[in-house]
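An overview of the molecular structure
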Amino acid sequence: MTGHQHHHHQHSTSPDAASAHEKARAAATPDPGRTVVRLELDAREVDWSFTPESRTRAWGFNGQVPGPVIQAQVGDVLEVQFTNRLPEATAIHWHGLRIPAAMDGTEMVQRPIAPGDTFTYRFRLPDAGTFWYHPHVNETVQVERGLYGALVVRGGDEPTLDGERVLVLDDVSLDSEGQVKPPGGWIEQHDGRQGPTRLVNGRQEPDLPMAAGQIERWRIVNASSARYVRLSIGERPFQILGTDGGLIEQPVTAREVLLVPGDRIDLAVGPFSEGDIVEVTSGRYNRRTIRRSRDERFATVRVGPASPSRAAIGGRLRTIEPLVSGDVTVSREVHLGVRPSLSTGVKFVVNKEPHHRDKPVKVGELQVWEVVNDTLMDHPFHLHGFFFQVLAVNGEPPAFRSWEDTVNVSPRSRVRIAWMPDDRVGEWMYHCHILEHHASGMMGHFAVVA
Ligand SMILES: [Cu+2]
C-alpha cells in the first residue's frame with residue numbers, strides 16, 4: 001500500500017476553509033523594507049539522469065531534481081504560483097516554515113490540487129534558516145520520484161563565509177531500465193525505502209570542487225524517504241552553525257552529525273589543503289532495520305588551488321531564549337508504536353491508533369510533550385508549523401539549545417520537547433518522517449484553537 005494517507009477527515013471544501021485561505025493570503029504583507037518574492041513552480045514529469053548511464057522518467061519541480069533553491073530574506077513574502085502538471089493530484093508542504101495553517105499544504109487544510117489546476121501559496125517568511133518543500137500527497141511515490149527542493153531564508157546578521165552550497169541528500173532505487181522502482185514489499189514497508197543510489201542535488205555521488213584555504217557554509221537537507229545520514233566529511237572537524245530552525249547560539253565543533261529524514265544542518269566546512277580529496281560519507285547507523293546499514297559515500301570534495309579567506313564566523317551566532325526553565329509538567333505523551341497487520345507485518349501507529357486524532361492545543365499554552373518510542377526501531381518525529389526545543393532525551397539535556405522541527409527518537413526512548421502554539425489557529429499534524437511509516441499511520445493531527 002502506498003500512502004494515500006488520510007482517509008477519515010473532511011477536505012477543506014467548507015466556506016470556512018475557503019475564507020481561511022483568503023484571510024491567510026490577505027494577511028501576508030512583507031515587513032517594512034522587504035519585498036514579495038514571486039515565482040512560478042510546476043510539478044511535472046521530466047527525463048532526468050540520476051546517474052551518468054541512466055535516463056529516468058522522474059518527477060520534478062520546474063523540470064529539475066531537486067526543484068529550484070528558493071532564496072529570500074526574513075520578512076519577505078513568498079508567493080508561489082503553483083501548477084500541477086502531474087497525472088495525479090498533489091500539493092506543496094513547506095517543511096519547517098511557521099506559516100498559517102491554510103498554507104501548510106496537507107490534506108487537513110487543502111484539497112489536493114488536481115492535474116492541470118493551479119494554486120497560489122502566499123505567506124510571510126518569519127525565520128532565517130534552511131527549509132525545504134515537498135508534496136504531502138502520496139509522498140512515498142511523489143517525493144521518491146524527485147519532488148522536493150530547498151528554501152533558504154537569510155537573516156539580517158549571518159556569519160560571513162567564503163562560499164555557500166545547498167546540498168540536498170536523497171537516495172533512489174532504480175530498476176535495470178533506470179526507472180524508479182514502484183513501492184516494494186513488506187521489508188520496505190517496515191524499514192522505509194532506502195535506495196542504493198546516493199544523490200546530492202539529484203546526481204549520484206558528485207565531485208564538489210573547492211578552493212584550498214576557504215571555509216564554506218554548507219546547508220544540508222536530508223530529503224530521503226528513510227535514510228539516516230551519519231554525516232562525515234573525511235572525518236575532518238567541522239562547525240555546526242545551525243539546525244532545523246536556524247542558527248544555534250555558538251558554533252559547535254564536531255566530526256560527524258546525524259541527519260534523519262527531514263532534518264537540516266548548517267555547517268562551516270574547511271579549510272582544506274590543495275590536492276586533498278575528502279569523501280562525504282554516511283557512516284553505518286543501526287536504526288534496527290531488517291536490512292543492514294553500511295558506510296556509503298555521497299560525494300567527493302576535490303580541493304584545488306588556494307584562494308584567500310574572508311570567513312568570519314565569530315563566537316556568538318545568536319541568543320535562543322529557553323522556552324521553559326526548572327521543573328515542568330508534561331502536557332501530553334505521544335506514543336510511537338506498532339501493531340500487527342496481516343498485509344504488511346506491522347502497522348505504524350500513534351497512541352495505538354493509525355492516523356491518530358489528537359486533542360486540540362490552545363493558543364498561548366506552553367506544550368511540553370513526551371514523545372515516547374515504544375518500538376524497537378528509530379523514528380524521526382516531525383512537527384508541522386512550529387519549532388520546538390528539545391528539553392531532554394531519556395532525562396538528559398541535549399548538548400546545545402536549538403530550534404527544531406524534526407528530532408530522532410531512538411528505540412525505547414523518550415524525547416521531551418517544548419513548543420508554544422502562537423496565534424496560528426487551524427489544523428496541524430506531527431508524524432514520523434520515514435515516509436512509509438507516515439503512510440502506514442504513524443501520525444497525529446490536531447487543532448490549534450483560540
Ligand atoms: Cu518511523
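As the structure is a computational prediction, the values presented were derived from the model and not from experiment.

Some points on the overall build of the protein
Counting its regular elements, the protein contains four helices and 31 strands. Taking 22 Å as the expected radius of gyration for a compact globule of 450 residues, we find that the protein reaches 21 Å, a close match to that expectation. Across its three principal axes, the protein shows a C-alpha extent of roughly 60 × 50 × 45 Å. Taken over 450 residues, the protein has a buried fraction of 59%. Looking at the protein alone, contacts between residues at least 24 apart form 77% of all its contacts between residues at least 6 apart. Accessible surface computed for the protein: about 17900 Å², of which carbon and sulfur atoms make up 49%. Charge centroids of the protein, computed over 49 positive and 57 negative side chains, lie 1 Å from each other.

Digging into the sheet that holds strand S10 (residues 197-200)
The pairing of strands in a sheet happens through backbone hydrogen bonds and is either parallel or antiparallel. Pairing within the open sheet is mixed, and its seven strands lie in the order S11-S10-S9-S13-S18-S15-S16. Here the strands that pair on one side only, and so sit at the sheet edges, are strand S11 (203-204) and strand S16 (246-254). In this structure, strand S9 (residues 163-172) lies alongside strand S13 (residues 216-222), joined through seven bridges in parallel fashion. For Leu169, the partnering residue across the bridge sits in S13 and is Asn222.

Let's talk about the sheet that holds strand S20 (residues 296-306)
Read across the open sheet, the five strands follow the order S12-S20-S19-S14-S17; overall the sheet is mixed. Unpaired on one side and paired on the other, strand S12 (207-212) and strand S17 (257-259) mark the two borders of the sheet. Sheet twist, expressed as the average angle between the axes of neighbouring strands with direction ignored, equals 30°. Taken together, the six bridges between strand S19 (residues 277-283) and S20 define a ladder with antiparallel strand orientation. The residue of S20 that forms the bridge with Ser282 is Glu296.

So, the pairing of strand S28 (residues 406-409)
On S28, burial covers both faces: Thr406 and Asn408 on one face and Val407 and Val409 on the other are all buried. Sheet analysis places strand S26 (residues 379-383) next to S28, joined by four bridges and oriented antiparallel. Across the sheet, the residue bridging to His382 is Thr406, located in S28.

Topic: the coordination of the copper ion
Around the copper ion, the protein supplies His379 (ND1), Cys432 (SG) and His437 (ND1) as donor atoms, at distances of 2.0 to 2.1 Å. Of note, the donors binding the copper ion are all from one chain and are spaced H-x52-C-x4-H. Of this pair, His379 sits in strand S26 while Cys432 sits in strand S30 (residues 426-432), and the two are 53 residues apart along the sequence. For the pair His379 and Cys432, a shared accessibility class is recorded, and that class is buried.

Focus on the packing of aromatic side chains
Enumeration over the complete set of coordinates arrives at 18 aromatic pairs. Centroid distance Phe61 to Phe82: 6.2 Å. Interplanar angle 65°. Geometry classified as edge-to-face. Of the two residues, Phe61 sits in strand S2 (residues 56-61) while Phe82 sits in strand S4 (residues 77-84), which places them 21 residues apart along the sequence. Overall, the relative accessible area of 1% leaves Phe61 in the buried class. Among the residues examined, Phe82 registers a relative accessible area of 1% and is labelled buried. Ring centres of Trp94 and Tyr121 lie 5.6 Å apart, and the angle between their planes is 70°; this geometry places the pair in the edge-to-face category.

Overview of the layout of surface pockets
In this structure, the second largest pocket spans a volume of roughly 660 Å³. Along the wall of the second largest pocket there are 25 residues; nearest its centre are Leu258, Phe400, Glu404, Val407 and Asn408. Elements with a minimum of two residues in the lining of the second largest pocket: strand S15 (238-243), S17, strand S18 (264-269), strand S27 (389-393) and S28. Among the residues forming the lining of the second largest pocket, the class breakdown is 14 nonpolar, six polar and five charged.

A few points about the pairing of strand S7 (residues 129-135)
On any regular strand, side chains alternate: one points to one face of the sheet, the next to the other face. Extensive coverage of S7 is indicated by the burial of seven of its seven residues. By the alternation rule, side chains of S7 split into Gly129, Phe131, Tyr133 and Pro135 and Thr130, Trp132 and His134, which are all buried. Here strand S5 (residues 92-95) runs beside S7; their pairing, made up of four bridges, is antiparallel. Residue His93 lies in a different strand from S7, and its bridge partner there is His134. Direction of pairing for S7 relative to strand S8 (residues 149-154): antiparallel, over a ladder of five bridges. When the sheet's bridge partners are listed, Gly129 is paired in S8 with Val153.

Rules and cut-offs
- Residues numbered from 1 in each chain as written.
- Predicted model: local features only at pLDDT ≥ 70, side-chain atom pairs only at ≥ 80, totals over all residues.
- Heavy atoms only, no water.
- Helix = DSSP H or I, 4+ residues; strand = E, 2+ residues; numbered from the N terminus.
- Rg over C-alpha atoms; globule rule 2.2 N^0.38 Å.
- Buried < 20%, exposed > 50% of the residue type's maximum accessible area, 1.4 Å probe, protein only.
- Contact = heavy atoms within 4.5 Å.
- Areas by Shrake-Rupley, 256 points an atom, 1.4 Å probe, with all protein chains shown as cover.
- Lys, Arg positive; Asp, Glu negative; His and termini not counted.
- Charge placed at Lys NZ, Arg CZ, Asp CG, Glu CD.
- Pairing = 2+ DSSP bridges.
- Axes fitted to C-alpha atoms, helices over the stretch in contact; angles between N-to-C directions.
- Donors = N, O, S within 2.8 Å, 3.2 Å for Na, K, Ca; no water.
- Phe/Tyr/Trp six-rings, centres within 6.5 Å; stacked < 30°, edge-to-face > 60°.
- 1 Å grid on protein atoms, 1.4 Å probe; cavity = no way out; pocket = protein on both sides within 12 Å on 5 of 7 lines; lining within 4 Å.
- Points joined across faces, edges and corners; volume = space filled by probe spheres on them.
- Nonpolar A, V, L, I, M, F, W, Y, C, P; charged D, E, K, R; others polar.

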